[in-house]
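Here is how the chains run, residue by residue.
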Amino acid sequence: MIGLKLDDRDLKILSLLSQEGRLSKADLAKRVNLSPTPLWERLKRLENAGIIRGYNADISLKGVAPHIEVFVTVELENHKAESFQAFERSMDRHEEIVACWAVGGGFDYVLQVITRDIDSYQRLIDTLLEGKVGFARYYTYVVTKPVKLRGAPPLNFLLGRDLPDGSAGDGTE
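The next point concerns the packing of helix α1 (residues 8-19) against helix α3 (residues 36-48). α3 packs onto α1 with a crossing angle of 80 degrees between their chain directions and a minimal axis gap of 11 Å. Relative to α3, the element α1 lies roughly perpendicular. In this structure, α1 uses Arg9, Asp10, Ile13, Leu14 and Leu17 to contact α3, whose residues at the interface are Leu39, Arg42, Leu43, Arg45 and Leu46. Classifying every residue of the contact of α1 with α3 by side-chain character gives six nonpolar, no polar and four charged.

This part takes up helix α5 (residues 118-130). Here α5 is 13 residues long and its end C-alpha atoms lie 18 Å apart, about the 18 Å a rise of 1.5 Å per residue gives. Residues Ser120, Tyr121, Leu124, Ile125 and Leu128 constitute the buried set of α5. With its buried residues spanning 145 degrees around the axis, α5 presents them on a single face. Residues of α5 that are exposed and point over 90 degrees away from its buried face: Asp119 and Glu130. Positive backbone phi, approximately 55 degrees, marks Lys132, located one or two places after α5.

Attention shifts here to the pairing of strand β3 (residues 109-115). Across the seven residues of β3, five count as buried, placing the element largely inside the fold. Where strand β1 (residues 68-76) meets β3, seven bridges bridge the pair, whose relative direction is antiparallel. Across the sheet, residue Ile68 finds its bridge partner in β3, namely Thr115. Two strands pair when backbone bridges link them, and strand β2 (residues 97-102) and β3 are joined in this way by five bridges, in the antiparallel orientation.

In this structure, Val74, Phe87, Val113 and Leu128 are the most contacted members of the largest nonpolar core, which totals 17 residues. Elements represented by at least two residues in this core include exactly β1, α4 (81-91), β3 and α5. Here this core takes five residues from β1, the largest share from any one element. Among residues more than four places away in sequence, those in contact with Phe87 are Val74, Leu76, Cys100, Tyr109, Leu111, Val133 and Phe135. The next biggest cluster of nonpolar side chains, apart from the first, holds 14 residues, and it includes Ile13, Leu14, Ala29 and Ile52.

To continue, consider α3. Here α3 is 13 residues long and its end C-alpha atoms lie 18 Å apart, about the 18 Å a rise of 1.5 Å per residue gives. Leu39, Arg42, Leu43 and Leu46 are the residues of α3 that are buried. Burial along α3 is one-sided: seen end-on, the buried residues are contained in an arc of 100 degrees. Of the exposed residues in α3, those oriented more than 90 degrees away from the buried face are Thr37 and Asn48. Considering only its buried residues, α3 is in contact with α1 and α2 (25-31). Within two residues after α3, Gly50 carries a phi angle of roughly 80 degrees, on the positive side.

About the thresholds
Residues numbered from 1 in each chain as written. Predicted model: local features only at pLDDT ≥ 70, side-chain atom pairs only at ≥ 80, totals over all residues. Heavy atoms only, no water. Axes fitted to C-alpha atoms, helices over the stretch in contact; angles between N-to-C directions. Helix = DSSP H or I, 4+ residues; strand = E, 2+ residues; numbered from the N terminus. Parallel < 35°, antiparallel > 145°, perpendicular 65-115°, else oblique. Contact = heavy atoms within 4.5 Å. Nonpolar A, V, L, I, M, F, W, Y, C, P; charged D, E, K, R; others polar. Expected span 1.5 Å × (residues − 1). Buried < 20%, exposed > 50% of the residue type's maximum accessible area, 1.4 Å probe, protein only. Arc of directions from axis to C-beta. Pairing = 2+ DSSP bridges. Core = buried A, V, L, I, M, F, W, Y, C linked by side-chain atoms within 4.5 Å.

In structure tokens form, the structure reads like this:
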């Protein structure tokens, strides 16, 4: 559910920040045709509504340290609420698990793991299995190369504006 009405200027702010998070407030204000105070008020409103969750650097780990990235699909043994809750709580205990999504379909969760090497990944899995977090089965997918990394969210597309085929996106011809 969307609780905040966003106008074109809000969308432009979000789009610019998702692509260029280090823009100064002065530059951002200029690019959306606002003075600094109204821009600041909009940013605070977007932050308070939870739409802007944070400002992060996009770090190339290749330049920092050797590592592997692994995606893991997980099916739980038990499909009771307390089993899901216990599993989800356990995810925060492991810094190598950088993302976890509950999914529909044949699996219950998809994990994104970034760790030093395959041995440290296996130690993580062993720890999870020994910790009785409820795995029925899991499948490991080692990333061999990034093809497309997460980009800016397609705000205009999601809102039915500026679709690639030029349509309005509202189902009318």
